[in-house]
Structures are given as C-alpha cells and as structure tokens.
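Single-letter residue listing:
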Amino acid sequence: MLTPEEKERYARQIIVPEIGEKGQEALGRSRVLIAGLGGLGSLASLYLAAAGVGTLRLADQDRVSLSNLNRQILYMHADIGRIKTEAATERLLALNGTCRIDPVCADICASAERLVEGCDVVIDATDNLAARRAINRSAVKLGVPMVYGGIDGFSGTVAVILPGKSACLECLFPDRGSHQNSRTIGAIGAVVGMVASLQCAEALKLLLKTGQSLADRMLHIRADRGEWKSIRTRRNPNCLVCASL
Amino acid sequence: MKETIEITVNGMPEIVPSGISIADLIQRFGEEDPHLIVEHNGRFVFIQEYASRTVSWGDRIEFINADFGG
C-alpha cells in the first residue's frame, strides 16, 4: 500500500494509465542494478530513484574527478575525490529517502554475477566492452533482463536484452579475443542524457510489464544529424553466451 | 566487363560489382572498426554472414560504429 506521502510524490505517475497505484507499488518492490556510475549511471540512478524504484544497487569502483562533471550530473564539484558509490548514495537519498540504496564499490568485471543476482532489471551503464560482456554473461545466466546503453560523442545506442528471447550483447558483438580498444571515448552530457533516459523508460516498462520493449532492436541515435532509427536484430545461432538457452 | 549494380551505402548511391559480398563492401569502403555494425535493408548482419551474404540492386547498407562509452 502506498503511504499518503508516496501518493503525493508519485501523483503524476499514478495518473498514467499504464502505471496506476498498482504499478507504483510494483516499482517500489523492484530492485535494479545500475552497473557503472558514470554519465549513464548518473542519470539512470537519478531517474529511477525519483520514479520510486524500491532498491537501487549501484556498482562502481571509481572516485569522482573534475573531468567527470561535464556529464555525470549526479555529483557536485565538492564531491571531487569521493568514492562514487558514497557520493551517489548521499545524493539519491537526499532526492528520495524512501529509496533503498545498495552501494557496491567493486570491480564490475570481477563481481558481475554477484551484482546481477536478485535484481529484476540490469541497466548496463558501463563504459567499456569488457565490463559490458561480463554483465551480459551474468544477466543471461541468471535470466535477468538487461538494458544496454552506450554513447560515443554525438551518437548513442540503446537495446533491451531478454535472456533466451532476444539477441544478447554477445550475439551482436562476439568476443574474438582481440581488438581491445583503449581509446578514450568522447562524451557529451546531453547525448548521455538521451541514452540514459531511454534506458530508464525501457527499465520502467520491463518492471511494469507494459508497452513494447526494445528487444530484438537496437535504437541508434545520431544527435549530430538529429536522427534516430532502430535496427532489427535477432539471436545469433553461433552465440557462445546465449545459444544454448 | 563485369556487371554492376546500384546500392545505397550510408545514404549515398554507389555503383558496385554485381554479387558483391558484405565482406568485400567492408573492405571497399575502408571500414576498419572491429565492432562495426552492418545494417542491410534495416537488419543487423552477423559477422559470420559477412562472407556469404551478397547485396542486390537497390539494397541499403549502413556501416555504423558501435557505441561502448558510458
């Protein structure tokens, strides 16, 4: 049951036909992993905490740096040098004290399965392919839907992975064991925001079991051209991660 | 003389040899991204299909660089 304060806090969501009080209660019972607290994770954690997702597990092992602040709007200038999970927890609880925050300051590659376990949805907000592969493998293994989001300068991509039902990350980008790219990727806050917002909308639809998800499609944004389009995907019969499901 | 066809690559009309494969198109257009996304008439093409899949007159090919930053 929603408290009177919750009914007021979420009033504008509750009047959305696809949500209602039942949907809002469902969000309150949900647990979402936000893997990575960079640009995408900043926005995703703010939106999902504000929307009333009951528990957010936040995973990152970095500290806030000055060069983060053009896009990682979860943090303030005064947070520079702080552990991201700590600064994030404080900020998110200040926004919505009813949200339970489960901060995990750890290497995502090394602890992916533990991070994904028990979550209803995973937001892949990592910033490198190795971490994305680790989160994808664990999400597929544990059967947890994952919302992929990636950015590169003015372009961005969003896709939903439903384990065993739609293409997973490995279906699309098979690991051929080479080509580790160490290039520093350009990131613009406004473009990061577009991608993170879409990831949150997909996560909310999954939690509410409503709408048509972005599974078996990749939404590709070209903000430099003011264009976006979806590319149809499907499961790869040769996928080393999900073909056996 | 080898027969040619007209296709659209990244939104631009291009004349290419008839029966050209995706793998040959990638080489012809100098795409070097190891995680290149190839879209053929709106559909994602798997890496294992690059050598065997050919394009036909009027097909649309897009080469898209994957976005892995966050």
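Residues numbered from 1 in each chain as written. Chains lettered and ligands numbered in written order. Predicted model: local features only at pLDDT ≥ 70, side-chain atom pairs only at ≥ 80, totals over all residues. Heavy atoms only, no water.

(A) Inspection of the overall build of chain B at higher detail. Summing up its helical and strand segments, chain B has one helix and five strands in all. N-terminal to C-terminal, the α/β element order of chain B is β-β-α-β-β-β. The C-alpha atoms of chain B give 12 Å as radius of gyration, which agrees with the globular expectation for 70 residues (11 Å, within 12%). Expressed along its principal axes, the backbone C-alpha trace of chain B runs to roughly 50 × 25 × 20 Å. (Helix = DSSP H or I, 4+ residues; strand = E, 2+ residues; numbered from the N terminus. Rg over C-alpha atoms; globule rule 2.2 N^0.38 Å.)

(B) Broad picture of the state of the cysteines. All names here are of chain A. In this structure the tally under the stated criterion is zero disulfides over all chains. Of all cysteine sulfurs in the structure, the one in Cys99 sits closest to Cys119, which takes part in no disulfide; the separation is 12 Å. Looking at Cys239, it has no disulfide partner, and the nearest cysteine sulfur is the one in Cys168, 3.7 Å off. (Disulfide = S-S within 2.5 Å.)

(C) Spatial organisation of the interface of chain A and chain B. On the side of chain B, 21 residues touch chain A, which itself brings 37 residues to the contact. Of the roughly 2300 Å² buried at the junction of chain A and chain B (both faces included), carbon and sulfur atoms supply 54%. Two residues, B:Glu62 and A:Lys229, come together in a salt bridge whose shortest N-O distance is 3.8 Å. Taken together, the connections running from chain A to chain B amount to 15 residue pairs in polar contact (both at pLDDT 80 or more). For the side of chain A that touches chain B, the secondary-structure elements that each account for two or more residues are helix 4 (39-51), helix 7 (129-142), strand 5 (146-152), strand 6 (155-161), helix 8 (169-172), strand 7 (217-222) and strand 8 (227-232) of chain A. The element best represented in the side of chain A that touches chain B is strand 5 of chain A, accounting for five residues. When its residues are assigned to classes, the side of chain A that touches chain B shows 13 nonpolar, 15 polar and nine charged. (Contact = heavy atoms within 4.5 Å. Buried area = accessible area lost by both parts, 1.4 Å probe. Salt bridge = Lys/Arg side-chain N within 4 Å of Asp/Glu carboxyl O. Polar contact = N/O pair within 3.5 Å; in protein donor to acceptor, adjacent residues only side chain to side chain. Nonpolar A, V, L, I, M, F, W, Y, C, P; charged D, E, K, R; others polar.)

(D) Inspection of helix 7 of chain A at higher detail. Residue and element names in this part refer to chain A. Helix length check: helix 7, at 14 residues, gives a terminal C-alpha distance of 20 Å against a target of 20 Å (1.5 Å per residue), a fit within 8%. For helix 7, a buried count of 10 out of 14 residues is recorded, marking the element as mostly surrounded by other parts of the structure. Restricting attention to buried positions, one finds in helix 7 the residues Leu129, Ala131, Arg132, Arg133, Ala134, Ile135, Asn136, Ser138, Ala139 and Val140. Its side-chain oxygen 3.2 Å from the backbone nitrogen of Ala130, Asn128 forms the N-cap of helix 7. With its phi angle positive at about 70 degrees, Gly143 sits one or two positions after the end of helix 7. (Expected span 1.5 Å × (residues − 1). Buried < 20%, exposed > 50% of the residue type's maximum accessible area, 1.4 Å probe, protein only.)

(E) Examining the pairing of strand 1 (residues 31-35) of chain A more closely. Residues and elements named next belong to chain A. Counted residue by residue, strand 1 has four buried out of five residues, so it is predominantly covered. Examined bridge by bridge, strand 1 and strand 2 (residues 55-59) share five bridges and lie parallel to one another. When the bridges of strand 2 are listed, Arg31 appears paired with Thr55. In this structure, strand 1 lies alongside strand 4 (residues 121-124), joined through four bridges in parallel fashion. In the sheet register, Val32 faces strand 4, and the bridge partner there is Val121. (Pairing = 2+ DSSP bridges.)

(F) A look at helix 6 (residues 108-116) of chain A. Residue and element names in this part refer to chain A. Among all positions of helix 6, only Ile108, Ser111, Ala112, Leu115 and Val116 are buried. Projected down its long axis, helix 6 carries its buried residues within an arc of 165 degrees, all on one side. Facing away from the buried side of helix 6 by over 90 degrees, the exposed positions are Ala110 and Arg114. Buried residues along helix 6 sit in contact with strand 1, strand 2, strand 3 (100-104), strand 4 and helix 7. Gly118 occupies a position one or two residues after helix 6 and carries a positive phi of about 85 degrees. (Arc of directions from axis to C-beta.)

(G) Just the packing of aromatic side chains, in detail. Residue and element names in this part refer to chain B. By the definition in use, this model includes three aromatic pairs over all chains. The interplanar angle of 45 degrees and the centroid separation of 6.2 Å between the aromatic rings of Phe29 and Phe63 together place this pair among those described as tilted. Pair noted here: Phe29 is in the loop between helix 1 (22-28) and strand 3 (36-40) and Phe63 is in strand 5 (residues 60-65), with a separation of 34 residues, a long-range link. On the basis of an interplanar angle of 65 degrees and a centroid distance of 5.9 Å, the ring pair of Phe44 and Phe46 is categorised as edge-to-face. (Phe/Tyr/Trp six-rings, centres within 6.5 Å; stacked < 30°, edge-to-face > 60°.)

(H) Structural context of the packing of helix 4 of chain A against helix 5 (residues 84-95) of chain A. Residue and element names in this part refer to chain A. Where helix 4 meets helix 5, the axes come as close as 9 Å, and the angle between the chain directions of the two elements is 35 degrees. Crossing angle aside, the handedness with which helix 4 passes helix 5 is right-handed. Note on element contacts: helix 5 touches helix 4 through Arg91, Leu92 and Leu95, opposite Ser45, Leu46, Ala49 and Ala50. Of the residues assigned to the contact of helix 4 with helix 5, the class counts are five nonpolar, one polar and one charged. (Axes fitted to C-alpha atoms, helices over the stretch in contact; angles between N-to-C directions. Left-handed = near helix turned anticlockwise from the far one by under 90°.)

(I) Structural context of the confidence of the model for chain B. Looking at chain B, pLDDT values average 96 and 99% of them are 70 or higher. For this predicted complex, the interface confidence score (ipTM) comes to 0.92, while the overall pTM stands at 0.96. (pLDDT = per-residue confidence, 0-100.)

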